[in-house]
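Overview (structure and organization)
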Amino acid sequence: MSGFDYDLFVIGGGSGGVRSARVAASLGKKVAIAEEYRFGGTCVIRGCVPKKLFVYASQFHEHFEDAAGYGWTVGESRFDWPRLVAAKDKEIARLEGLYRKGLDNAGAEILETRAELAGPNSVRLLKSGKIVTAEKIVIAVGGAPNPHAALPGHELCISSNEAFDLKELPRAIVIAGGGYIAVEFANIFHGLGVETTLIYRGAEILSRFDHDMRHGLHEAMEAKGIRILCHDIIEQVSKGADGRLVAETKNSGELVADQIMLALGRDPYTEGLGLETAGVETNERGAIIVDAYSRTNVPSIFALGDVTDRVQLTPVAIHEAMCLIETEYKNNPTSPDHDMIATAVFSQPEIGTVGLSEEEAARRFAELEVYRAQFRPMKATLSGRAEKTIMKLIVNAADRKVVGAHILGHDAGEMAQILGITLKAGCTKDDFDRTMAVHPTAAEELVTMYNPSYRVKNGERV
């Protein structure tokens, strides 16, 4: 470490930043990591973890209803919002403690301050004003909800950040957006008894997902009682005389609610980071531009995770961090692999998906075989619930390779994780056909769809 205070300085205490700092420190490097808020980042503090806990909470009213079909008599049930928030806070504090403990045990120096670039090898610590130097700098500050500042009255609205800590549960909420955050929160609030409206400018929710998953979820959500307004936008938000919020829409008139949530995308959190001072290039969205090895145009500075706007998923940031460690500290150049990433939408029912949608595959391959099954899950037979499960495999007809797998139904995310391994390994439909089913399960349908439901040639269904 010639002439520098640190071998590695990490800005940002989220999943990618903590992983890179902890592993580098465990290799004997002198490492510091700076975080201005709390360690754990979006995922642990205000994203994946609290969201999944809220998803669980919102499902219990259906569990209580379903129990009657199985012979259970469930007494009066009541939901306590402050109690859920307090339990969530306790769990987040525990997880943050584990992140800190991991850094401490590895020997990384923890700095509770905002840090900004002061040059290619220097960082300013805002709490003290001190400037420190490092041979390498990693930027892993993540992203933040787009505030949609052009919307009149946007300051009256909340984002997903504030949704976790509302002082009281609203009677009614309007959620603007059609991505996974908007869809998940619509299901969460509805499940907790909130009158919920989702408004989205597009023709259908979840624009990047397979159309059968999108349409199937849309139908399921509306059947539950969630109001979905597509081809519409909020044009203005104001506060009414009774203190409630009024959203004026383009096509649906006025929507009155206690809370209006804007889930209109996330932006890289790069403003005021000192990138210009250090000469680091960004794109038109403010994302840091990196090469295949997470290097910026400045040789000493790297960037990981959402701040690069490559794939905004926690496991991706962690993977990018591990590749950086391999490349920079283990003499093993390793580029992050962003192909065939399994993912889930924790809606109700869930979506689990990996690989190409039918639409994407049709643009890429001359001929497809599409295997599709729709059925009532076994659990619903006695409960009487009408919800359907949809499973779909997309196969390239030329080599029979499965290029996409999509599931709408209970535990779809769990199934998608296993399918991710299968598709990553390049398995063919013949491999699926040779695999014995686990009976009785919903997942057995994935290996018992022997005949194509239809084919797609040159983009047209035949």
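The coordinates are above.
So, a few notes on the structure that sits alongside this text. Model, not experiment: these values are computed from the prediction.

Side note on the overall build of the protein chain
Within the protein chain, the secondary structure is distributed over 13 helices and 23 strands. Computed over its C-alpha atoms, the radius of gyration of the protein chain comes to 24 Å, within 12% of the 23 Å expected for a compact globule of 462 residues. Once the C-alpha set of the protein chain is aligned to its principal axes, its extents read approximately 70 × 65 × 45 Å. Here the analysis covers contacts within the protein chain between residues at least 6 apart in sequence; of these, 62% occur between residues at least 24 apart. Of the roughly 21,500 Å² of accessible surface on the protein chain, a fraction of 50% belongs to carbon and sulfur atoms. Here the protein chain contributes 51 positively and 63 negatively charged side chains, and the mean placements of these two sets differ by 3 Å.

Focus: the environment of R244
Counting through the fold element by element, R244 comes out in the loop between β11 (234-239) and β12 (245-249). C-alpha separation for the pair R244 and A257, spaced 13 residues apart in sequence, amounts to 6.0 Å. Leaving out residues up to four positions away in the same chain, R244 has contacts with R171, A172, S238, K239, V256, A257 and D258. A polar contact of 3.1 Å, which involves the side chain of R244, links it to the side chain of D258.

Here's the deal with the sheet that holds β11
Strand order in the open sheet formed by three strands is β11-β12-β13, with antiparallel pairing between adjacent strands. Two strands in the sheet have a free side with no partner beyond their single neighbour: β11 and β13 (254-257). Taking the axes of each pair of neighbouring strands and ignoring which way they run, one obtains an average angle of 20° across the sheet.

Some points on the packing of aromatic side chains
Counted by the stated rule, this structure contains six aromatic pairs. Relative to F9, the ring of Y6 lies with its centre 5.9 Å away and its plane at 70°, an arrangement referred to as edge-to-face. This pair shows no difference in class: Y6 is buried, exactly as F9 is. The positively charged end of K429 is found above the aromatic ring belonging to Y371, 4.2 Å away from the centroid. In this structure, R461 packs its charged tip against the face of Y454, placed 3.8 Å from the ring centre.

Things to note about the pattern of salt bridges
As enumerated under the stated definition, the model contains 37 salt bridges in all. Between E358 and K392 there is a salt bridge whose closest N-O contact spans 2.8 Å. Within this pair, whereas E358 is found in helix α10 (residues 358-364), its partner K392 is found in strand β20 (residues 389-396), the two being separated by 34 residues in sequence. Take E358 and K392: they sit in the same class, and that class is buried. Overlapping salt bridges, with partners in common, bring together E367, E369, R400, K429, D430, D433 and R455 in one network.

Here's the deal with the packing of helix α1 (residues 15-26) against helix α9 (residues 314-329)
Two measures define how a pair of helices packs: the angle their axes make with one another and the distance between the axes. Relative to each other, α1 and α9 sit at 30°, their axes nearing to 8 Å. It follows from the interaxial angle that α1 and α9 lie roughly parallel. Like other packed secondary-structure pairs, α1 and α9 cross with a definite hand, here right-handed. Two secondary-structure elements touch here, α1 through S15, G16, R19, S20, V23 and A24 and α9 through T314, A317, I318, A321, M322, I325 and Y329.

A closer look at the side chain of E320
For E320, the location among the structural elements is in helix α9. Apart from the residues within four sequence positions on either side, E320 is in contact with S294, L304, G305, R310, P336 and H338.

Quick word on the pairing of strand β18 (residues 351-355)
Counting buried residues in β18 gives four out of five residues, a clear majority hidden from the surface. Across three bridges, strand β17 (residues 343-345) lies against β18 in antiparallel orientation. In the strand pairing of β18, A344 is matched with G352. Counted between consecutive antiparallel strands, the loop separating β17 from β18 contains five residues. One ladder, built from five bridges, connects β18 with strand β21 (residues 402-408); its direction is antiparallel. Among the inter-strand pairings, I351 is bridged to a residue of β21, identified as L408.

What counts and how
- Residues numbered from 1 in each chain as written.
- Predicted model: local features only at pLDDT ≥ 70, side-chain atom pairs only at ≥ 80, totals over all residues.
- Heavy atoms only, no water.
- Helix = DSSP H or I, 4+ residues; strand = E, 2+ residues; numbered from the N terminus.
- Rg over C-alpha atoms; globule rule 2.2 N^0.38 Å.
- Contact = heavy atoms within 4.5 Å.
- Areas by Shrake-Rupley, 256 points an atom, 1.4 Å probe, with all protein chains shown as cover.
- Lys, Arg positive; Asp, Glu negative; His and termini not counted.
- Charge placed at Lys NZ, Arg CZ, Asp CG, Glu CD.
- Polar contact = N/O pair within 3.5 Å; in protein donor to acceptor, adjacent residues only side chain to side chain.
- Pairing = 2+ DSSP bridges.
- Axes fitted to C-alpha atoms, helices over the stretch in contact; angles between N-to-C directions.
- Phe/Tyr/Trp six-rings, centres within 6.5 Å; stacked < 30°, edge-to-face > 60°.
- Buried < 20%, exposed > 50% of the residue type's maximum accessible area, 1.4 Å probe, protein only.
- Lys NZ or Arg CZ within 6 Å of the ring centre and 35° of its normal.
- Salt bridge = Lys/Arg side-chain N within 4 Å of Asp/Glu carboxyl O.
- Parallel < 35°, antiparallel > 145°, perpendicular 65-115°, else oblique.
- Left-handed = near helix turned anticlockwise from the far one by under 90°.

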